[in-house]
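Listed below are the residues making up each chain.
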Amino acid sequence: MSSTMSAPTFGISQPISMDFPNKKDLLLNKSLTETLKSFNCFEPSEETSQRVKVLNKLNFLVKKWIHLLTITRIPMDVDAGGKLIAFGSYRLGVHSSGSDIDTLVLAPRHVTRLDFILENFTAFVPIMTFKYSGIDIDLLFARLDMPTVPDNIDLSDDNILKNLDPESVRSLNGCRVAEQLLKQVPNQSTFCETLRAVKLWAKNHGIYSNAIGFFGGIAWAILVARTCQLYPNAAPSKLIQKVFFVFSTWNWPSPVILKHMENRFDMQNLSQLVWDPRRNYADRLHLMPIITPSFPEQNSTHNVSRSTLQVIQNEMKEAFKICEHVQKGKATWKDLLEETNFFCKYRHLIAVSINAEKEKEDTDFAGFFESRIRQLVQLLERNSQVQIAQVNTRKFKAPFSPGKSQWFIGLEFIQAAKNLDLTEEIKRFKKIIGNQAKEKIGTVQIDAAYVKKSKLITYISAAELKRGKFMKKDTSPEKENANRKRPTTTQSGDDVKKPRTAFNSIGSVQTTF
Ligand SMILES: Nc1ncnc2c1ncn2[C@@H]1O[C@H](COP(=O)(O)OP(=O)(O)OP(=O)(O)O)[C@@H](O)[C@H]1O
Ligand SMILES: [Mg+2]
């Protein structure tokens, strides 16, 4: 007890354990690193040096661009500086091969967003995406209220946000969050390695996507960072298990917070953006709040729904069990991290497709739709007979129609489900999205159809159908029997009791919408 009493504070509480890794932890850690390598989690060194080169070059171009604008606008000979900085997973050191780099241009007062847009008139959205020497770049812009932007600028100082336009505040936020995250963790390298493993696991289990209502990169990073604070000396092999332990038993919707929030009475307009369920009604509805660590602190998971909450929790519980087996030598890290099969979990599915009536090359139909498909999930969830509606985060190209993208939603019904008819929900979704599409990207055709599992093969290839490991309830043989008796809220569809009536009702009466 006395050691806990004297323990330092990391984040908003004292740690749970200050234990250092033992021999077994270190051995398991070695095998974890090997397994991550086998999944190509680390990019080849040539790609890393290419990224560094590209960032240096772009930084040079930004400075040059700002310099050219400065000499036309300011009569005196000033070095207005300016710079390009990276944030997101690249800044955290957890990007993998082929992933893009999130970057931000920091410009002095006399260079405006309009300059930025005009120089790059293809960009009608705040984020500009392009490929430079083979590297995908997302570029944001922030105009600071300073005459010059020095190279050693401290972005973690909140005062930097004063007098900025809201877009610049938002753009700066990503960088400020990354800086704070790295400051809040007791050991950056264990944080990075654990986060790499957790991201790989989440992607391979179909629960990595902010747009679809799961967690995105930043939310997973905060969960891992909080775990690192609670177990400051633990090795990644231990931390990964603790991530699943802490957050599968977390008392949601209690928020996950990395540091105390401070009031900024001098920045009222920005203080209003701070996540605060006492003040903002919308914040009270958040089911799994994971709060960013820099002012204005915001929830990074506002898209989470009843279904995604259940799916994430189930996945974490399963992952925790597998980690326990790994500790006991009964399972391997590969068992934890490998890709799982989505379709084995559900007997009832809806196929949703979007097809552009006219091919427009520069329109991101898939991106448009991806950020809206959770609206269908929300509509389905309002039906009290639907227990889970899970979107497969993988989208598919329709085999004979290249302009067509399709998504699948797995459905699980409550046990007593009867005469289920989802026609209304689907109709409303098609109407809402059709109208939004008309406004934003042009006319599209949206189709949604109930698909029997046996008919999936007419939608996607056999290879896709079989892709990934078919999930069992538990990896230990002794648990297999016990699992058969468990009720319907589990992951595998095969031994779940089927609501026959619902199945027949949708399957035979209402097959297309
Ligand atoms: N929902 C969100 N809430 C708050 N900040 C966000 C959110 N989504 C993105 N951001 C900010 O933008 C940054 C880049 O977002 P992105 O989705 O690329 O995540 P990432 O951490 O780079 O992971 P990935 O490896 O998937 O690219 C995040 O690190 C975060 O700072
Ligand atoms: Mg990113």
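Residues numbered from 1 in each chain as written. Chains lettered and ligands numbered in written order. Predicted model: local features only at pLDDT ≥ 70, side-chain atom pairs only at ≥ 80, totals over all residues. Heavy atoms only, no water.

## Thoughts on the UniProt feature "binding site: Mg(2+) 2" (unreviewed entry) in the protein chain
Consideration 1: Feature annotation in UniProt places "binding site: Mg(2+) 2" (unreviewed entry) on Asp100, Asp102 and Asp138, given in this structure's numbering. The largest pairwise C-alpha distance within this set of annotated residues, which runs over 39 residues, is 6.9 Å, so the set is compact in three dimensions.
Consideration 2: Within the secondary structure, Asp138 is located in strand S4 (residues 135-143).
Consideration 3: Given the relative accessible area of 15%, Asp138 is considered buried. (UniProt positions renumbered as here; feature names shortened; annotations may be inferred. Helix = DSSP H or I, 4+ residues; strand = E, 2+ residues; numbered from the N terminus. Buried < 20%, exposed > 50% of the residue type's maximum accessible area, 1.4 Å probe, protein only.)

## Things to note about the nonpolar core
Consideration 1: In terms of nonpolar packing, the biggest core is built from 122 residues, with Phe191 and Trp220 touching the most fellow members.
Consideration 2: Setting aside residues no more than four positions away along its own chain, Phe191 makes contact with Leu92, Leu181, Leu182, Val185, Ala221, Val224, Ala225 and Cys228.
Consideration 3: Membership of the second largest hydrophobic core comes to 21 residues, among which are Val54, Leu55, Met128 and Phe141. (Core = buried A, V, L, I, M, F, W, Y, C linked by side-chain atoms within 4.5 Å. Contact = heavy atoms within 4.5 Å.)

## Here's the deal with the pattern of salt bridges
Consideration 1: Throughout the structure, instances matching the rule amount to 22 salt bridges.
Consideration 2: Residue Glu34 pairs with Lys37 through a salt bridge whose shortest N-O separation is 4.0 Å. Of the two residues, Glu34 and Lys37 are both situated in helix H2 (residues 23-38); the distance of 3 residues between them amounts to about one turn of the helix.
Consideration 3: We note a salt bridge from Lys334 to Glu338, for which the minimum N-O separation is 3.5 Å. (Salt bridge = Lys/Arg side-chain N within 4 Å of Asp/Glu carboxyl O.)

## Let's talk about the site of ligand 1
Consideration 1: Taken together, Phe87, Gly88, Ser89, Asp102, Gly174, Lys199, Tyr208, Asn210, Gly217, Ile218, Thr292 and Ser300 make up the full set of residues adjacent to ligand 1.
Consideration 2: Residue Asp102 places a side-chain N or O atom 2.9 Å away from an oxygen atom belonging to ligand 1.
Consideration 3: Contact distances for ligand 1 include 3.4 Å between a nitrogen atom and a side-chain N or O atom of Asn210.
Consideration 4: Protein contact buries 73% of the 580 Å² of open area that ligand 1 shows by itself.
Consideration 5: When residues of the shell around ligand 1 are traced back to their parent elements, those giving at least two are helix H4 (88-92) and helix H8 (217-230). (Near = heavy atom within 4 Å. Polar contact = N/O pair within 3.5 Å; in protein donor to acceptor, adjacent residues only side chain to side chain. Areas by Shrake-Rupley, 256 points an atom, 1.4 Å probe, with all protein chains shown as cover.)

## So, unusual backbone geometry
Consideration 1: For the bond from Trp252 to Pro253, the omega torsion is 10°, close enough to zero to count as cis.
Consideration 2: At Asn40, a position not held by glycine, the phi torsion is positive, near 55°.
Consideration 3: Looking at where Asn40 falls in the secondary structure, it is placed in the loop between H2 and helix H3 (45-73).
Consideration 4: Unusually for a residue other than glycine, Ser133 sits at a positive phi of about 45°.
Consideration 5: Tracing the chain through its elements places Ser133 in the loop between strand S3 (128-132) and S4.

## As for the packing of aromatic side chains
Consideration 1: Across all of its chains, the model carries 15 aromatic pairs by this definition.
Consideration 2: The interplanar angle of 35° and the centroid separation of 5.0 Å between the aromatic rings of Phe247 and Trp250 together place this pair among those described as tilted.
Consideration 3: When the centroid spacing of 5.9 Å and the interplanar angle of 65° are considered together, the rings of Phe369 and Phe429 count as edge-to-face. Note that Phe369 is positioned in helix H14 (residues 365-370) and Phe429 in helix H16 (residues 423-440), a separation of 60 residues in sequence. Comparing Phe369 with Phe429 shows no difference in burial state: the two are buried.
Consideration 4: Counting every residue linked through ring pairs, the aromatic cluster contains Phe342, Phe343, Tyr346, Phe396, Phe408 and Tyr459.
Consideration 5: In this structure, Lys242 is placed above the aromatic ring of Phe245, and the distance from its NZ or CZ to the ring centre is 5.6 Å. (Phe/Tyr/Trp six-rings, centres within 6.5 Å; stacked < 30°, edge-to-face > 60°. Lys NZ or Arg CZ within 6 Å of the ring centre and 35° of its normal.)

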